[in-house]
Amino acid sequence: MAATNIGKTKRSTDELINDAVDRQQSWLENRRSFTRKFLKRFNVFHHEEPKKETTTVVVKTESSERKNKSVLRAYWFPIVCALLVILLAVFIMLFRINTPVKVIAPKVPEPVVNTVKQPVSEPTFDLVRIEQSGNMVIAGRNVAESNISIIINKKIVATEHTNQDGEFVYAPVVALKPGNYVISLVDADKNIKSKDSVFVYVSERGYKNSVSLLMTQNGSKVMQAPKLEEGDLVVSKIDYLDTGRLIVTGKALPRLRVSLTLNDKYLGFARVSDYKNFGLGADVGDLKPGENYKINVRLHDGEGTTIANIEHEFVMPAMTDDTNTFYTVRRGDCLWIIARNFLRRGVLFTMIAERNSIKNPDLIYPEQLLQIPTKQ
């Protein structure tokens, strides 16, 4: 009895398994059939089974036509887009118009550039001149909003305050007396002195003959040039020594330059002292007695422009003995300059001191008469 029941159970299980396998096989066959139909419709991976040789050509032709039609159906949109792009490129290359395109840009206001002045590290001069009234005007610059002191002949005469741009102006009410003045500037807050100074000569003949020179490390620069009148350039003496040396002395505006030419040949220059005296010497060789010669003494400003000229023509006299060569000392002279003019070298001043029994070569007096030992 037990064996019968077991056998029935086993048979029913086999049937269930077989039914499940059959259903699965049927489902797989349906999927295969659906996949074949789907692939056959798009004609991508489908391959026809080989036919007989008699109909092979016809079948291949029909299948290739169907394949081309299916490809066109599947890719018609990308193909159309590519054709449109190609046509558009050809149109642009062949039929484009070369007319320039005008682009109107909006008006943009020009930027406002604020010029920033470089800060100055020390006081400097911009202007120093003598007005028609005889009063002096000094203008310069320093650090903005600072105090600046004006020094004339080593004395502080005023202290001014600079504006926001660092500029200042000083104009004393009282006119300066005729004479020489040296002006410098000092930053009163930082105690910084200007490197440059200004030399001012106030002429007795008024502002037109006054001189203002900016004295720098590289030389002088005219800030106010004089308009000379008669008497501002004077040649007081011309000496010719038997050594072939020509010496010219005279008076002119202070700190300007005096040049000398003989028969239009340039011989050299000398600077006028603060006391308006000048003297210069040059080797000219042998001048023959009885012949005519022409000397030109020219006064130049700081830029080299000739502002006065004295022309002197003379007949060369016969030479005199060297003991008759004398020189009158003028204010501001020294033996070194006198020796340079007469003896060619300043170091020979000891010969002049010895000839005139001068114990202290540094001590000579105006109007002192010196004998010059021209023969060495």
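Just so we're clear, the structure is a prediction, and the values are computed from it rather than from any experiment. (Residues numbered from 1 in each chain as written. Predicted model: local features only at pLDDT ≥ 70, side-chain atom pairs only at ≥ 80, totals over all residues. Heavy atoms only, no water.)

A. Structural view of the pattern of salt bridges. Counted by the stated rule, this structure contains eight salt bridges. Taking the shortest distance from any N to any O, the salt bridge between glutamate 131 and arginine 129 comes out at 2.5 Å. Residues arginine 255 and aspartate 274 are paired through a salt bridge, measuring 2.7 Å at the closest nitrogen-oxygen approach. Here the residue arginine 255 occupies a position in the loop between strand 12 (245–251) and strand 13 (257–262), and aspartate 274 occupies one in the loop between strand 14 (265–271) and strand 15 (277–283), the gap between them amounting to 19 residues. Three or more residues are tied together by salt bridges with common partners; here these are Asp126, Arg141 and Glu167. (Salt bridge = Lys/Arg side-chain N within 4 Å of Asp/Glu carboxyl O. Helix = DSSP H or I, 4+ residues; strand = E, 2+ residues; numbered from the N terminus.)

B. Region of interest: the environment of leucine 335. With respect to the helices and strands, the residue leucine 335 is situated in helix 3 (residues 335–343). Each C-alpha atom of the pair leucine 335 and aspartate 362 lies 7.4 Å from the other, and the pair is 27 residues apart in sequence. If we skip the residues at most four places from it in the chain, leucine 335 touches Phe349, Ile352, Ala353, Ile358, Pro361, Ile364 and Leu370. (Contact = heavy atoms within 4.5 Å.)

C. Just the sheet that holds strand 14, in detail. Strand order in this open sheet of four strands is 14-13-16-17, and the pairing throughout is antiparallel. With partners counted over all chains shown, the strands left at the sheet margins are strand 14 and strand 17 (306–315), one partner each. Strand-to-strand twist of the sheet, defined as the mean angle between neighbouring strand axes without regard to direction, takes the value 20 degrees. Taken together, the six bridges between strand 13 and strand 14 define a ladder with antiparallel strand orientation. Note that in strand 14 the partner of arginine 257 across the bridge is arginine 271. (Pairing = 2+ DSSP bridges. Axes fitted to C-alpha atoms, helices over the stretch in contact; angles between N-to-C directions.)

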